[in-house]
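Each chain is listed here by its residues.
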Amino acid sequence: MQQVDPKIEPSWKEVLYDEFNTDYFLKLKQFLIGEKKKYTIYPPGSRIFAALDHTPFNNVKAVILGQDPYHGKGQANGLCFSVSDGIRQPPSLQNIFKELNSDLDIPIPKNGNLEQWADQGVLLLNATLTVRAGQAGSHQRQGWEQFTNRIIREVSDKKEGVVFILWGRYAQAKEELIDTNKHFVLKAPHPSPFSASYGFFGCKHFSKTNEILRRQGKEEIDWRLE
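The sections below set out a description of the structure shown in this document. Only a predicted model underlies this, so the values are computations on that prediction, with no experimental measurement involved.

1. Topic: helix 6 (residues 144-158)
Stage number 1. The end-to-end C-alpha distance of helix 6, which contains 15 residues, comes to 21 Å, matching closely the 21 Å that a straight helix rising 1.5 Å per residue would cover.
Stage number 2. Of all 15 residues in helix 6, eleven are buried, a share of seventy percent or more.
Stage number 3. All buried positions along helix 6 are accounted for by Trp-144, Glu-145, Phe-147, Thr-148, Asn-149, Arg-150, Ile-151, Ile-152, Glu-154, Val-155 and Ser-156.

2. As for the pairing of strand 2 (residues 62-66)
Stage number 1. Taking burial as the measure, the five residues of strand 2 include five buried ones, the bulk of the element.
Stage number 2. Along strand 2, one buried face is formed by Ala-62, Ile-64 and Gly-66 and the opposite face, lined by Val-63 and Leu-65, is buried too.
Stage number 3. Inspection of the sheet shows strand 2 paired to strand 3 (residues 122-126) by five bridges, in the parallel sense. Paired with Ile-64 across the strands is Leu-124, a residue of strand 3.

3. So, the packing of helix 2 (residues 23-38) against helix 6
Stage number 1. Where helix 2 meets helix 6, the axes come as close as 9 Å, and the angle between the chain directions of the two elements is 130°. Here helix 2 lies oblique to helix 6, going by the angle between them. In this structure, helix 2 crosses over helix 6, and the sense of that crossing is left-handed. On helix 6, the residues that touch Tyr-24, Phe-25, Leu-28 and Leu-32 of helix 2 are Trp-144, Gln-146 and Phe-147.
Stage number 2. Of the residues that constitute the contact of helix 2 with helix 6, the class distribution is six nonpolar, one polar and no charged.

Conventions adopted
- Residues numbered from 1 in each chain as written.
- Predicted model: local features only at pLDDT ≥ 70, side-chain atom pairs only at ≥ 80, totals over all residues.
- Heavy atoms only, no water.
- Helix = DSSP H or I, 4+ residues; strand = E, 2+ residues; numbered from the N terminus.
- Expected span 1.5 Å × (residues − 1).
- Buried < 20%, exposed > 50% of the residue type's maximum accessible area, 1.4 Å probe, protein only.
- Pairing = 2+ DSSP bridges.
- Axes fitted to C-alpha atoms, helices over the stretch in contact; angles between N-to-C directions.
- Parallel < 35°, antiparallel > 145°, perpendicular 65-115°, else oblique.
- Left-handed = near helix turned anticlockwise from the far one by under 90°.
- Contact = heavy atoms within 4.5 Å.
- Nonpolar A, V, L, I, M, F, W, Y, C, P; charged D, E, K, R; others polar.

In structure tokens, the structure reads:
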């Protein structure tokens, strides 16, 4: 198989350089080539690694873990929970903004694009980085999870004092990849309408993240979105 030379942010390319030519990743690449011939795939190819492009390795201060990209037309932009400009906010994102408003009295934004968070050091990482249009979970167990687990491990191994924000059981299962002796883990139910009322609302993870960063002498996240 042809070697893979992905166009991603240089610091991540250096950290992950040996991952792109493993057998599983080469198979993943072939799977995606086949999928694109038959289906519409989200997010667009240029946005698949957007979480890494917006948050260089050295800038990572917090990590929010999602599961899958949105599978509706125009929604996914490569950042977990985030939608492209001008796209209606999905229910989970609406609940995230409700909690943000309750926690920090920040006005609920009209726009659901979270790039401003990512640019400040919040790694918005989905476990699976692509999806078939209209079919949630369609690219799970094809290799993406192995790749994103490596990302989590690299952050855990090579950095200190990162705040890992784990919403829901799927994200919380990733805690085993994190060295909790040198990082901080915040856990709450998923912000979806099915579980937000069981402890996501009131978790205050936005203010808690800033408090942890402040205690370490790190710059806080400005959670406001324009």
